[in-house]
Amino acid sequence: DCHRSANSAPARAALALEQSEPQTSVTFIQVACSGAQIEGGHGDLQQQIALADSLVGHREIDAMLLSIGGNDAGFANIGTACIGQQPCYADDPRFDLSEMNQLCALLGLVGLGQQCSDFSGTFPSQSAKLILADGLDSLPVRYARLADQYLPTLTGLLAPTSMPGLDPAARVRPNRVYITEYGDLTKDDQGNYCRFQANNLLGALPGITLDEMQWLDQTAARSIDGAVATAATAHGWNLVSGIYQAYMDHGYCAQDHWVNRIYETLLLQGDIKGVLHPNDAGQVHTAAAITGALMQDLYPEGLGGAPTAPAQLFAP
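> Report on the sheet that holds strand β5 (residues 238–240), specifying residues and quantitative values.
Within the open sheet, the 3 strands sit side by side as β1-β4-β5. Their pairing is parallel. Looking at which strands have only one partner, the edges of the open sheet turn out to be β1 (64–66) and β5. Strand after strand, the sheet turns through a mean of 25° between neighbouring axes, direction not considered. Both strand β4 (residues 177–180) and β5 contribute to a ladder of 3 bridges, which runs parallel. From the neighbouring strand, I179 faces β5, where its bridge partner is L239.

> Any chance you could break down the state of the cysteines for me, citing the residues and the numbers?
Applying the stated criterion across every chain yields a total of 3 disulfides. Each disulfide pairs two cysteine sulfurs, and for C2 the partner residue is C33, the sulfurs being separated by 2.0 Å. For the disulfide bridge between C2 and C33, the dihedral angle about the S-S bond is near -80°, and by the sign convention the bridge is left-handed. Taken together, the positions of C2 in the segment before α1 (9–20) and C33 in the loop between α1 and α2 (45–56) put the pair 31 residues apart, joining distant regions of the chain. Side by side, C2 and C33 carry an identical accessibility label, which is buried. Across a sulfur-sulfur distance of 2.0 Å, C82 and C88 are joined as a disulfide pair. Residues C82 and C88 share a disulfide whose torsion about the S-S bond is about 75°; that sign makes it right-handed. Residue C82 shares its accessibility class with C88, and that shared class is buried.

> I'd love a proper account of the pattern of salt bridges, names of residues and values included.
Here the structure, examined in full by the defined rule, presents 10 salt bridges. Between E60 and R176 there is a salt bridge whose closest N-O contact spans 3.1 Å. Of this pair, E60 sits in the loop between α2 and β1 while R176 is found in the loop between α6 (128–150) and β4, placing the two residues 116 residues apart along the sequence. A single burial state applies to E60 and to R176, both of which are buried. A network of salt bridges, in which partner residues are shared, links E60, R173 and R176.

> Give a description of the nonpolar core that names residues and reports values.
Nonpolar side chains tend toward joint burial in soluble globular proteins. Of all hydrophobic cores here, the largest spans 82 residues; its most connected members are M100, Y143, L146, L151, W215, W237 and I262. Residue contributions to this core peak at 10 residues, all from helix α7 (residues 210–235). What W215 contacts, discounting residues up to four positions off in sequence, is I78, C82, C88, Y89, A128, K129, L132 and A220.

> Talk me through α6; I want residue IDs and the actual numbers.
In α6, a bend of some 35° at L139 exceeds every other bend along the element, and P140, a proline, comes one to four places later. Every buried residue of α6 is accounted for by A128, I131, L132, G135, S138, L139, R142, Y143, L146, A147 and Y150. Its buried side turned inward, α6 meets α2, β1, α3 (75–84), β2 (85–86), β4 and α7.

> Got a sec to walk through the pairing of β4? Specific residues and values, please.
Where burial is concerned, the two faces of β4 agree: the one with V177 and I179 and the one with Y178 and T180 are both buried. Sheet analysis places β1 next to β4, joined by 3 bridges and oriented parallel. Across the sheet, residue L65 finds its bridge partner in β4, namely Y178. In this view, the connection linking β4 to its parallel neighbour β5 by way of α7 has right-handed handedness.

Rules used in this analysis
Residues numbered from 1 in each chain as written. Predicted model: local features only at pLDDT ≥ 70, side-chain atom pairs only at ≥ 80, totals over all residues. Heavy atoms only, no water. Pairing = 2+ DSSP bridges. Helix = DSSP H or I, 4+ residues; strand = E, 2+ residues; numbered from the N terminus. Axes fitted to C-alpha atoms, helices over the stretch in contact; angles between N-to-C directions. Disulfide = S-S within 2.5 Å. Buried < 20%, exposed > 50% of the residue type's maximum accessible area, 1.4 Å probe, protein only. Salt bridge = Lys/Arg side-chain N within 4 Å of Asp/Glu carboxyl O. Core = buried A, V, L, I, M, F, W, Y, C linked by side-chain atoms within 4.5 Å. Contact = heavy atoms within 4.5 Å. Bend = angle between axes of the 7 residues up to and from the residue. Right-handed = clockwise from strand over helix to strand, strands pointing away.

In structure tokens, the structure reads:
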């Protein structure tokens, strides 16, 4: 129920790494969970780290791939709020579901009307503006807790030491952690902001105006990506960048869109939880960014040279 997939960007990146060089092998363990947060929520990151530690044990981890922070900042609730609130960036917006109801009526023709209507009953009462403000305030503390409390419990990420009693937080190898930025979900094939149109009910998010789409991009998404980059710098992690830029003309309303639309997640996943998540094409391009970052670090001399040597060796 975590919607874990072998088509995910980290899985594709691991496979690309495996196939790029015949003399080494890659062990990839995936414990990701769709919708997870650093703290709380379904499949939270603490649970994932505990599971990873039980599976990996003392084996050395060369790269830990993270995509985390968006749910902690409330981005899913922000996007949902903007569907029903007018305007969602106001302190006290009015509520309007007329465009969402049009979409649900259309999806009812293919048996998805009830699922769509159920989604309509989940809209947050707090304005998107306030959700974002609260989420951004919480992110630095949550990232610090991830760095100082949760990652030190992952044994394979710790450097060996001859000093007994050394704080595990001081032994974490942060340069083994890779955190990805988020893509741009807001623009069409020409790089223009998406807008809902009555003659194309499936092609854009209902209830979101051009002003709101611009706010979602420039204020919400860029602030969250900024928090990811700041955390990477503060804690010594590798930021996998270039993803936002790659998605700029492949947003929700693009013909060549790299994110799941409402009807697609209902049809393919059976629930609404996959909306705005990368689709197969999006996962491919995110994987390329991850692969590039891994190649640069794990094969510093290029594929013709030796890979990075292990930092510690364990007896059989």
